[in-house]
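Structural overview for review
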Amino acid sequence: MKVAVVGATGLVGSEILKVLDERNFRVTEIIPVASERSVGKKVSFKGKEFTVVGFEEAIKMKPNVAIFSAGGGTSLEVAPKFAEAGITVIDNSSAWRMDPTKKLVVPEVNADVLTSEDKIIANPNCSTIQMVVLLKPLHEKYKIKRVVVSTYQSVTGSGKKAVDQLFDERDGKAVTDPAYPHKIDLNVIPHIDVFQENGYTKEEMKMIKETNKIIGDDSIRVTATTVRIPTVGGHSESINIEFENDYDLQTVRELLAAIPGVLVQDDPANNVYPMPLNAHGKDEVLVGRIRRDESQDNTLNLWCVADNLRKGAATNAVQIAEYLLGKEMI
Ligand code: 2RA
């Protein structure tokens, strides 16, 4: 496979290169791609250096698949050009996610919607991915009525500028180009992405709409509060799930433990529960604090953490490519 990584110099782009290597994706040629100002830079893959090329040059090199993490604007403009040239695009931005003609895919949940006709495939938002992986089997077994989720999101979700802001603040350095409207070190900011007219942020609306689209059931009611915290290892989520029917807690644990790529870490007596420090650099979704919501019938509480740059972005995108390759769709 000739694989192009578009946005190869960014935080997610470099994670995609790492994940392709670690998972031994069948790469015969790697093509790092970026916008004009990064063309000519070097990135490393499997211990070797590769030179970043521009969009037009990359299209001429005819990769089989292009994994994009270059922002919504670039994707809207450039992804169709790749697709027209017959290159399958897997896109990490929000540009195509809610387009009814595009598939929004988390392989453990809905890979079966993909066909060889899909030339631009959307990778969901990081905070949505780790949640839907857990919701799907619970929905199949007990039918979910409503989900209330609150997130605690890593600064890595806002890119390198935000990571620099956190560490510069921590080191007492001047921050000349902050990623956030407030200090992030020693703070919690209940604001991710832009505010919408309904008072929710775009990140919150992504969690709501994308969940319905991926699970393929608009009857699931979702409400979200998304919050930025000063950590780098991954996004954490407190999820409250109300089912149509009563459930068995032990069966819930077994269902969660059986999901590929999910690790149950739930031993409160020994202080075992998921934390970003333990999720950092891992592909798994960690889940724990699994317990009944005693304030309401048929309702469950749980806590999950995943590395937003891995399962929340790079790993999920590479898994989509693996699925396409396995089905000979690329
Ligand atoms: C964030 N969800 O964490 C975003 C990244 N796509 O800000």
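It should be emphasised that the depicted structure is a prediction, and the values quoted were computed from it without experimental measurement.

1. What to know about the overall build of the chain
For the chain, the helix and strand inventory stands at 10 helices and 14 strands. Whereas a compact globule of 330 residues would reach a radius of gyration of roughly 20 Å, the chain reaches 20 Å, a difference of no more than 12%. Each principal axis of the C-alpha atoms in the chain carries an extent, and together these give about 60 × 50 × 40 Å. For the chain, buried positions account for 44% of its 330 residues.

2. Side note on the UniProt feature "binding site: NADP(+)" (unreviewed entry) in the chain
The UniProt entry lists Thr9, Gly10, Leu11, Val12, Arg37, Ser38 and Asn308 under the feature "binding site: NADP(+)" (unreviewed entry), expressed in the numbering used here. On the basis of their most widely separated C-alpha atoms, the annotated residues across 300 residues do not gather in one place, lying as much as 26.1 Å apart. When the 20 C-beta atoms within 10 Å are taken as the criterion, Thr9 is described as buried. Among residues more than four places away in sequence, those in contact with Thr9 are Ala34, Ser38, Lys41, Val43 and Val52. In this fold, Ser38 is placed in the loop between strand 2 (29–33) and strand 3 (42–45). Residue classification places Ser38 among the partly exposed positions, given that 19 C-beta atoms sit within 10 Å. Excluding its chain neighbours within four sequence positions, the residues that come into contact with Ser38 are Thr9 and Val52.

3. What about the packing of helix 5 (residues 126–142) against helix 10 (residues 310–326)?
In contact at an axis separation of 8 Å, helix 5 and helix 10 are set at 85° when each is read in the N-to-C sense. If you check the angle between helix 5 and helix 10, you find them roughly perpendicular. Where helix 5 abuts helix 10, its residues Cys126, Ile129 and Gln130 lie against Lys311, Gly312, Ala313 and Asn316. Of the residues in the contact of helix 5 with helix 10, the class split is three nonpolar, three polar and one charged.

4. A word on the pairing of strand 11 (residues 235–243)
Taken together, the eight bridges between strand 9 (residues 144–152) and strand 11 define a ladder with antiparallel strand orientation. Its bridge partner being in strand 11, Val147 is matched across the sheet by Ile241. Judged from the eight bridges that link them, strand 11 and strand 14 (residues 299–306) form a sheet pairing that is antiparallel. If you follow Ser238 over to strand 14, its bridge partner there is Trp303.

5. Structural notes on the sheet that holds strand 14
Taken together, the six strands give an open sheet; going across it, the order is 10-9-11-14-13-12, and neighbouring strands pair in mixed fashion. Each edge of the open sheet carries a strand with a single partner, namely strand 10 (221–225) and strand 12 (262–264). For this sheet, the mean inter-axis angle between neighbouring strands, taken without regard to orientation, is 25°.

6. Some remarks on the environment of Val149
Locating Val149 in the fold gives a position in strand 9. Considering only alpha carbons, one finds Val149 and Met131, 18 residues apart in sequence, at a separation of 8.9 Å. Ignoring sequence-local partners within four residues, the contact set of Val149 consists of Met131, Met207, Ala224, Glu237 and Ile239.

7. Considering the packing of helix 5 against helix 8 (residues 249–257)
Between two packed helices, both the angle of their axes relative to each other and the distance between the axes serve to describe the pair. Close contact between helix 5 and helix 8 brings their axes to 9 Å; oriented N to C, the two are set at 135°. What the angle tells us is that helix 5 and helix 8 run oblique. Relative to helix 8, the crossing made by helix 5 is right-handed. Contacts from Leu134, Pro137, Leu138 and Lys141 of helix 5 reach helix 8 at Val252, Leu255 and Leu256.

Calculation rules
Residues numbered from 1 in each chain as written. Predicted model: local features only at pLDDT ≥ 70, side-chain atom pairs only at ≥ 80, totals over all residues. Helix = DSSP H or I, 4+ residues; strand = E, 2+ residues; numbered from the N terminus. Rg over C-alpha atoms; globule rule 2.2 N^0.38 Å. Buried ≥ 20, exposed ≤ 12 C-beta atoms within 10 Å, placed from the backbone. UniProt positions renumbered as here; feature names shortened; annotations may be inferred. Contact = placed C-beta atoms within 7 Å. Axes fitted to C-alpha atoms, helices over the stretch in contact; angles between N-to-C directions. Parallel < 35°, antiparallel > 145°, perpendicular 65-115°, else oblique. Nonpolar A, V, L, I, M, F, W, Y, C, P; charged D, E, K, R; others polar. Pairing = 2+ DSSP bridges. Left-handed = near helix turned anticlockwise from the far one by under 90°.

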